[in-house]
There are 2 protein chains.
Amino acid sequence: MKVQVPKKQLADTLGHVERIIPTRSSNPGLSLIKIEITENELVFSGSNMEIDIQARLKADVEGIGQVALPAHVFSQVVKSLPGELVMLTFNDVELEISSGNYSTKLQLVEPGSAPEVDFPSQYGGEFDGASLVTALSSVRYAAAVAEYQAIFRGVKLELSDRKMRAVATDGFRLAYYHIDESSGLEGEVIIPARSVDEVIKLLSKGSVRSELLQGQQLSLANETFQLNLKLMEGTFPEYDRVIPNQFPVSITLESDALSQAVSRVAVMADKTANNRVDLFIKEGLLQITAEGTYGRSQEALEVSQEGSDSEIALAFNAKYLEDALAPVGGEMRVAFSGTTTPSVVTDLDNPSYLAMVVPLRTG
Amino acid sequence: MKVQVPKKQLADTLGHVERIIPTRSSNPGLSLIKIEITENELVFSGSNMEIDIQARLKADVEGIGQVALPAHVFSQVVKSLPGELVMLTFNDVELEISSGNYSTKLQLVEPGSAPEVDFPSQYGGEFDGASLVTALSSVRYAAAVAEYQAIFRGVKLELSDRKMRAVATDGFRLAYYHIDESSGLEGEVIIPARSVDEVIKLLSKGSVRSELLQGQQLSLANETFQLNLKLMEGTFPEYDRVIPNQFPVSITLESDALSQAVSRVAVMADKTANNRVDLFIKEGLLQITAEGTYGRSQEALEVSQEGSDSEIALAFNAKYLEDALAPVGGEMRVAFSGTTTPSVVTDLDNPSYLAMVVPLRTG
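Residues numbered from 1 in each chain as written. Chains lettered and ligands numbered in written order. Predicted model: local features only at pLDDT ≥ 70, side-chain atom pairs only at ≥ 80, totals over all residues.

## Brief notes about the overall build of chain A
If you tally the helices and strands in chain A, you get six helices and 26 strands. Judged by the C-alpha coordinates and their principal axes, chain A covers about 80 × 50 × 35 Å. Each of the 363 residues in chain A was classed as buried or not, and the buried ones make up 43%. Long-range contacts, defined as pairs at least 24 residues apart, comprise 66% of the intrachain contacts of chain A with a sequence gap of at least 6. (Helix = DSSP H or I, 4+ residues; strand = E, 2+ residues; numbered from the N terminus. Buried ≥ 20, exposed ≤ 12 C-beta atoms within 10 Å, placed from the backbone. Contact = placed C-beta atoms within 7 Å.)

## Focus on the sheet that holds strand 26 (residues 350–357) of chain A
Strand pairing in a sheet is mediated by backbone hydrogen bonds. Such pairs are either parallel or antiparallel. Residue and element names in this part refer to chain A. Read from one edge to the other, the open sheet built from nine strands follows the order 14-11-12-13-26-25-24-18-22, with strand pairing classed as antiparallel. Bordering the open sheet on either side are strand 14 (187–192) and strand 22 (304–306), each of which pairs with just one other strand. Pairs of neighbouring strands in the sheet enclose a mean axial angle of 20 degrees, with direction left out of account. Pairing of strand 18 (residues 249–254) with strand 24 (residues 331–336), which is carried by six bridges, proceeds in the antiparallel orientation. (Pairing = 2+ DSSP bridges. Axes fitted to C-alpha atoms, helices over the stretch in contact; angles between N-to-C directions.)

## So, the interface of chain B and chain A
Contacts between the two partners involve 26 residues from chain B, matched on the other side by 27 residues from chain A. Of all the secondary structure elements, the ones that give two or more residues to the side of chain B that touches chain A are helix 2 (71–79), strand 9 (102–107), helix 5 (255–265) and strand 21 (295–302) of chain B. Tallied by class, the residues present in the side of chain B that touches chain A amount to 10 nonpolar, 11 polar and five charged. With five bridges connecting them, strand 9 (residues 102–107) of chain A and strand 21 of chain B associate as antiparallel partners. Residue pairing in the sheet places Tyr102(A) in a bridge with Glu299(B) of strand 21 of chain B. (Nonpolar A, V, L, I, M, F, W, Y, C, P; charged D, E, K, R; others polar.)

## Structural notes on the packing of helix 3 (residues 129–139) of chain A against helix 4 (residues 193–202) of chain A
Residue and element names in this part refer to chain A. As a packed pair, helix 3 and helix 4 sit with axes 9 Å apart at the nearest point and diverge in direction by 140 degrees. Put simply, helix 3 runs oblique to helix 4. In the packing of helix 3 onto helix 4, the handedness of the crossing is left-handed. Residues Val133, Leu136 and Ser137 of helix 3 form the contact with helix 4, whose own contacting residues are Val196, Val199 and Ile200. A class-by-class count of the residues in the contact of helix 3 with helix 4 yields five nonpolar, one polar and no charged. (Parallel < 35°, antiparallel > 145°, perpendicular 65-115°, else oblique. Left-handed = near helix turned anticlockwise from the far one by under 90°.)

## Here we look at unusual backbone geometry
Residues and elements named next belong to chain B. In this model, Asn274 sits at a positive phi of 60 degrees, which is unusual for a non-glycine residue. Along the chain, Asn274 falls in the loop between helix 5 and strand 19 (276–282). A positive phi angle, near 55 degrees, is found at Asn275, a position not held by glycine. In this structure, Asn275 sits in the loop between helix 5 and strand 19.

## Some details on the domain arrangement of chain A
Residue and element names in this part refer to chain A. Each assigned domain of chain A is listed with its residue range as follows: domain 1 (2–113), domain 2 (125–230) and domain 3 (243–357). Across the boundary between the two partners, domain 1 contributes nine residues, which contact 12 residues of domain 2. Elements represented by at least two residues in the side of domain 1 that touches domain 2 include exactly helix 1 (7–20) and strand 4 (51–58). With six residues, the top contributor of residues to the side of domain 1 that touches domain 2 is strand 4. For the side of domain 1 that touches domain 2, the class distribution of residues is four nonpolar, two polar and three charged. (Domains from an automatic or database assignment.)

## Things to note about the relation of the copies chain B and chain A
Between the two copies, chain B and chain A, the superposition gives an RMSD of 0.0 Å; the rotation angle is 180 degrees and the shift along the axis is 0.0 Å. The relationship between the two copies is best expressed as a two-fold rotation axis. (Least-squares fit on C-alpha atoms with pLDDT ≥ 70 in both.)

## What to know about helix 1 of chain A
Residues and elements named next belong to chain A. Look at helix 1: 21 Å from first C-alpha to last across 14 residues, which is about the 20 Å you get at 1.5 Å a residue. The set of residues buried in helix 1 consists of Leu10, Thr13, Leu14, Val17, Glu18 and Ile20. Around the axis of helix 1, the buried residues are gathered within 135 degrees of arc, so they sit on the same side. (Expected span 1.5 Å × (residues − 1). Arc of directions from axis to C-beta.)

## Considerations on the packing of helix 1 (residues 7–20) of chain B against helix 2 of chain B
Axis angle and axis distance: for two packed helices, these are the angle between their axes and the distance between the axes, and together they describe the pair. Residue and element names in this part refer to chain B. At a minimum axis separation of 9 Å, helix 1 and helix 2 run at an interaxial angle of 150 degrees. Considered as vectors, helix 1 and helix 2 are oriented roughly antiparallel to each other. Our pair here, helix 1 against helix 2, has a crossing hand that is left-handed. When helix 1 is examined against helix 2, the residues Lys7, Leu10, Ala11, Leu14, Gly15, Val17 and Glu18 are found in contact with a partner set consisting of Ala71, His72, Phe74, Ser75, Val78 and Lys79.

## Overview of the environment of Met332(A)
Residues and elements named next belong to chain A. One can find Met332 in strand 24. Note: C-alpha distance between Met332 and Asp52 (280 residues apart in sequence) is 39 Å. Residue contacts for Met332: discarding those within four places in its chain leaves Thr252, Ser255, Leu325, Val345, Thr346, Asp347 and Leu348.

## Observations regarding the pairing of strand 21 (residues 295–302) of chain A
Residue and element names in this part refer to chain A. Where strand 20 (residues 285–292) meets strand 21, eight bridges bridge the pair, whose relative direction is antiparallel. Its bridge partner being in strand 21, Ala290 is matched across the sheet by Ser297. The hairpin turn running from strand 20 into strand 21, its antiparallel successor, is two residues long.

Put into structure tokens, the structure is as follows:
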């Protein structure tokens, strides 16, 4: 078998697949990449037990077959190649990679040693890739990081016949992103945050076919990539009822202006005390202050205030506030339900997004 | 005291000084920066006991005085400022930093708590900054990294009435850079590699005044920065007599071509076995090969060969070879004294530079 393929495309494709394949594993087969050489393309596949991936690449091919080899070495060799074209020549035991004056021989492994990955032959649903990725990337930050937080470490997708919603929360903040389109699938699934990151990277283009397997696996595919995502088991909290809807005070302003002011003031915040910044709103003026070991910082912003006869003083973790603002591009509303109950951030130009942040206890 | 100064320049200057000042130290005074406010400039100083630094910055000043405060917090606040101009207002206990709508107050510390740094009032010698930095940066890579290698972890400067030479070696490779200019100083000093890095970053511009203090401290100063560098104690090896001068085979070629070929082939080299690449030279052809767990790679380069009736096969640590080539811009000569004795790299356009690399034992 002989294959000729542009170096950059081969390197890019392998770069995506090797991100998923483990560098080291107690099961050495897991570090292998399988290559199917078909009439006019190469099909790469691998797995880390949480995510199976398959990637297709058009190529000039002579002969067909199937081989496996260590994914990371193969990818590293390809990245270092001098020329623009790569020639791959397979025999029974070796792959010769040549480009320019350079050639290298990599030992092949029995394809049966690589993990068996099995993608759906039919897909029942379909997403718009751009919408799916916008929804996931707008809420991803709110998923928990700590190991013990179990189900909070995933992003929930709620799929119905008329709409779709992505939600993430770690118990201290929450974000959702809502789309008024059906995917054709129905159900609720929780995708591990690490798998969500791959969907965001790989599936933003074109149409994304989808299929649910017994509530345990979500398969997604576009023209180039197929992913099987192992789903999380457990019950996601009933978040709807904790989102407040009465707000004595709310303000509207540019997301960027608030975000930058919070970030500057937070330089002085005490990192060991929840990175606390204080907000005080009165008569259309928002004052942000922080105080730490080394001193105190403050900044004031003019805002448009509803509930203008009221004032409110409350405190947040600066990082949580900045995260909540990041998905909003332009004007936004921050609505305060009280000093100890959640505040809600919404995007005035895009009703799809909502973020909730619980204030710090200041008592 | 009030000071007005452009943000970017203040941030850049503080960035340099804080690189030297420790973030944490058992002596809390060491993490302070001292600021002298003079008629028309700010003079910042700090120390890590190995390096004392002083940096000057022109500013609009009202009042004069001297204060100290935690260096890293001050620098971080300045970096995050929104405006282009910064106003610093000092009172007895606080520094108020304001820019745009933002203001912050940092607590000041008694200036006596900051380390006392003392720079020479007169300098006896003078370097051209660009030459000094070229010499040091061309040999820096050859200094040892491991803690136990003591004196090998420094760069030696040999200063005489007619020339100057920078040398570094870790016992397996050596590099020197020679300048036919006198600094006005005479003697031999060994500068810790970490201090050499600061000289390279800070003193490449203009003329660099210099002074030796009792063989224990080298002071260097240009218009903006002054450094006191604590020197290393110990005896540097007599390296001259280990540089060979008989070469049965030598080749000339472009430095970049060899460097890139070695780097590509080395992808397959066994990192646990000295990252070995093999060179074989015969009839004007240089073949580079490497073999590791996963396979074998090779590349051939046409070279101009002296000693053309001979051939030679030897092996190197690929990293050492690449390091030795890096300071050479164009055509170079690699001269082989034997399969187990050092090889020598010289720059055909610049006789100042010489590098020596000991081949790996291949038996």
